[in-house]
Amino acid sequence: MAGSGADGRLGAAGNDRIRLALLVGAVVSFGLIWGLSGLVVVSSFVVMLVIHELGHFVVARLSGMQVTEFFIGFGPRLWSVRRGETTYGVKAIPAGAYVRITGMSSLDVVDPAVEHRTYRQQSYPKRMAVALAGSATHFAVALALLFFVYMAVGRPDPTRWVVGEVVSDSAAASIDVRVGDRIVSVAGVETPGFEEFGVVVRGLPGREVVVVLERDGDTSKRTMTVGERLRVDGTVAGFFGVGSDRPMETLGPVGAGVEASARFVDLVEMSIDGLVGFFTPDGLVSFLTGGDKSAEGPPPVISGGAGGSVQVADPGVDPADEDRLLSIYGAARLGSAMLDAG
């Protein structure tokens, strides 16, 4: 009998190793097919779901409820450990997580000694707090990520612009304008904004002008002939041949907190508007008749816009349908494309 038990434990350990190897192989295969960006985006969804369940777990524990399991993944168990009355572990299918709270259903058979700690025996505010805790974590994580972005990455500087791209064989290329240069003035006219720069250049077709450039803190003057471009109305406008970008400026804790809070409120309002629009008759009809095209066609095309913005163009999607809700697959495709675009 002892030998049989040992053989059983060895067999279970072998099965666990096989499952773990399959899991690792599946993750590697996914990475090879979708690329690193796809793997990062999908992994972020899994992490988001784990944090969601962690919210339920923490609030349930703080409320005095009995939590018997907290597992990452579903399916066959790969690893687990018991701490106190809770078993923590990892399962073979990494598609989220789950928390088991005693007495979630009135049909659960529970030891009378712990009945007072079941979910069903708690006050309404406590049960509501546990139910809402998962969703609340998403808002908290969003706010924390926004704060981190403004602190570590920053925001586009609203007061200055730099060259974001240079068109080959253009007037800009002829005087060796490079990405990252700042165009201080053209023909003696200062160009603090890209819009002002465009107005000046368009009025100087074919003219020889002096351009003041700033590169790595050093200023230089260069003489060039402004290019020409035919407008739709038949007139000729000046053409320089550069696109704009805005350098990022990081913020301190106070500034990052203010910006993150303001942006967070904007995002919540947009989310509410989107959900309200979705549950209108037109929104539901659009969704049911194929308004969600997120799983069709090639990946979205990402391009940098003036002022440091990112523009997303999804081939085959009607521009009027750009505000549609995305499926998880569509969100993953969009996130992957944006990550590849930097």
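Residues numbered from 1 in each chain as written. Predicted model: local features only at pLDDT ≥ 70, side-chain atom pairs only at ≥ 80, totals over all residues. Heavy atoms only, no water.

A. Examining the packing of aromatic side chains more closely. One pass over the structure, following the stated rule, counts 9 aromatic pairs. Each ring, one from Phe194 and one from Phe197, has its centre 5.9 Å from the other, and the planes form 25°; the classification is stacked. Placement of the pair is Phe194 and Phe197 together in helix α4 (residues 194–202), with a separation of 3 residues, close to one helical turn. Note on Phe194: relative accessible area 21%, which makes it partly exposed. Geometrically, the ring pair formed by Phe197 and Phe240 is edge-to-face, given 5.2 Å between the ring centres and 80° between the ring planes. Pair noted here: Phe197 is in helix α4 and Phe240 is in the loop between β10 (236–239) and β11 (242–245), with a separation of 43 residues, a long-range link. Judged by its relative accessible area of 3%, Phe197 falls in the buried class. For Phe240, a relative accessible area of 3% corresponds to the buried category. By way of ring pairs, the aromatic residues Trp161, Phe194, Phe197 and Phe240 are connected into one cluster. Between Lys91 and the ring centre of Phe71, over which it is positioned, the NZ or CZ distance is 4.9 Å. Positioned over the ring face of Phe239 is Arg229, at 3.8 Å from the centre of the ring. (Phe/Tyr/Trp six-rings, centres within 6.5 Å; stacked < 30°, edge-to-face > 60°. Helix = DSSP H or I, 4+ residues; strand = E, 2+ residues; numbered from the N terminus. Buried < 20%, exposed > 50% of the residue type's maximum accessible area, 1.4 Å probe, protein only. Lys NZ or Arg CZ within 6 Å of the ring centre and 35° of its normal.)

B. Representation of the confidence of the model for the chain in the model. In this model, the chain carries an average pLDDT of 82, and 80% of its residues clear a pLDDT of 70 or more. Mean pLDDT across the secondary structure elements of the chain bottoms out at strand β13 (residues 301–304), with 39, and peaks at strand β7 (residues 208–215), with 95. (pLDDT = per-residue confidence, 0-100.)

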